[in-house]
Amino acid sequence: MIEYDQYFGYQHRYAERYAGLPVVQIILSPGEPPPDSGAVAWRISASSWPDDSYDNVGDAFDAFFERADASRVTTVVIGEWPDCYTETSAPIVERLVREAPRLLALRALFLGAISSDYSEISWIQQSDVTPVLEAYPLLERFEMRGGTGLRLSPVRHAALRMLRVETGGLDGSVVRAVAGSDLPALDHLELWLGVEEYGGTTTVADLDPILRGERLPALRHLGLQDSEIQDDIAAAVASAPVVARLETLALSMGVLTDQGAEALLTGQPLTHLRRLDLHHHYLGDEMMRRVTEALPGVQVDLSDQEEPDESEDDDEIWRYVAVDE
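Rules of the game
- Residues numbered from 1 in each chain as written.
- Predicted model: local features only at pLDDT ≥ 70, side-chain atom pairs only at ≥ 80, totals over all residues.
- Heavy atoms only, no water.
- Salt bridge = Lys/Arg side-chain N within 4 Å of Asp/Glu carboxyl O.
- Buried < 20%, exposed > 50% of the residue type's maximum accessible area, 1.4 Å probe, protein only.
- Helix = DSSP H or I, 4+ residues; strand = E, 2+ residues; numbered from the N terminus.
- 1 Å grid on protein atoms, 1.4 Å probe; cavity = no way out; pocket = protein on both sides within 12 Å on 5 of 7 lines; lining within 4 Å.
- Points joined across faces, edges and corners; volume = space filled by probe spheres on them.
- Nonpolar A, V, L, I, M, F, W, Y, C, P; charged D, E, K, R; others polar.
- Polar contact = N/O pair within 3.5 Å; in protein donor to acceptor, adjacent residues only side chain to side chain.
- Contact = heavy atoms within 4.5 Å.
- Axes fitted to C-alpha atoms, helices over the stretch in contact; angles between N-to-C directions.
- Parallel < 35°, antiparallel > 145°, perpendicular 65-115°, else oblique.
- Left-handed = near helix turned anticlockwise from the far one by under 90°.

Asker: Residues and numbers for the pattern of salt bridges, please.
Answerer: In the structure shown here, the tally under the stated rule is 20 salt bridges. A salt bridge links Arg95 to Glu99; its shortest N-O distance comes to 2.8 Å. Each member of the pair, Arg95 as well as Glu99, is classed as buried. In this structure, the salt-bridge partner of Asp182 is Arg215, at a minimum N-O distance of 3.4 Å. Taken together, the positions of Asp182 in the loop between α4 (172-179) and β10 (188-194) and Arg215 in the loop between α5 (204-212) and β11 (221-227) put the pair 33 residues apart, joining distant regions of the chain. Here Asp182 falls in the partly exposed class, since its relative accessible area comes to 29%. On the accessibility criterion, Arg215 (40% relative accessible area) is partly exposed. Via salt bridges that share partners, Arg141, Glu143, Arg145, Arg164, Glu166 and Glu190 belong to a single interconnected network.

Asker: Lay out empty space enclosed by the protein with the relevant residues and their values.
Answerer: Per the stated rule, a full pass over the model turns up one cavity of 30 Å³ or more. Of the voids in this model, the largest cavity is the one considered here, and its volume is about 30 Å³. What lines the largest cavity is simply Leu133, Leu152, Val155, Leu163, Val178, Ser181 and Leu183. Residue composition of the lining of the largest cavity, by class: six nonpolar, one polar and no charged.

Asker: Outline the side chain of Glu80, supporting the account with residue identities and numerical values.
Answerer: Checked against the element boundaries, Glu80 lands in the loop between β6 (75-78) and α2 (90-98). For Glu80, a relative accessible area of 13% corresponds to the buried category. A distance of 2.8 Å separates the side chain of Glu80 from the side chain of Arg43, its partner in a polar contact. In contact with Glu80, not counting residues within four places along its chain, are Arg43, Ser45, Ala46, Ser47, Val57, Ala113, Ile114 and Tyr118.

Asker: Run through the packing of α5 against helix α6 (residues 230-237), naming residues and quoting values.
Answerer: Relative orientation of the contacting elements α5 and α6 amounts to 30 degrees, with a least axis distance of 11 Å. The angle between α5 and α6 places the two elements in the roughly parallel class. Both α5 and α6 take part in a crossing whose hand is right-handed. In this structure, α5 uses Val204, Leu207 and Leu211 to contact α6, whose residues at the interface are Asp232, Ile233, Ala236 and Val237. For the contact of α5 with α6, the per-class residue count stands at six nonpolar, no polar and one charged.

In structure tokens form, the structure reads like this:
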């Protein structure tokens, strides 16, 4: 469940739990007994702030391997790294790849679980994450935060079940790489598309292979969220073949208006869904009523009804996504 949190903004509460496990910080704590290595999510981070943290991620990784039985670790959360708004995640990716022979049980990985107090989402400098998927063929859950510099090449990955990308602007090349990948086990795909100002160049055409679903036979949840072209996406979803086998659909956090909602109502049936997430939207009261009445057996989230801003100078109307900078 996505909700607003003062620590992480719009995302899961990964400060305390991730992938169903309690998060354990890798900190300087002499004498503290290590937890069961396979029963926790290990958070590896370093900070440039003068606190009880490591100066660089390399030292944090070293401490992690000293405290944990790497062969039993299933879940890792990569948090902040010093100057993550100027230095990319490439060294972290390289370290993860190098350590793959030791992390044989790794099944869930979050790269860039960074508080907005430390770095805004669009300041986080990511890198090419393709080597991670190639190095961990048994990885089942891969999530990342930050779209600046993010790169991905098409891959075949037989085990991946969840792929989530949280950005304030997602480059279309990443979406095309996802669309061009063979992911036969993927049942949860979530992409925060963001805005052009922060690197969001994704088009509906980029999404077309995903909406056809030919390479995603196991997909049950699709999230195409946080977009300034949310109405166009809704219109494409309204006739998308993949929708018929979905259980949950999220078109939330963007600038969905009555136009996009009308497309959903006049498109293919959505009554088979368990949940339709449209929160943070610009629907009018009457359209909200129509959507709810049209889907009586569906849990429809229409929370966070927004009002557009109108410019007094030129009568221009402004609508905003939930997450950009």
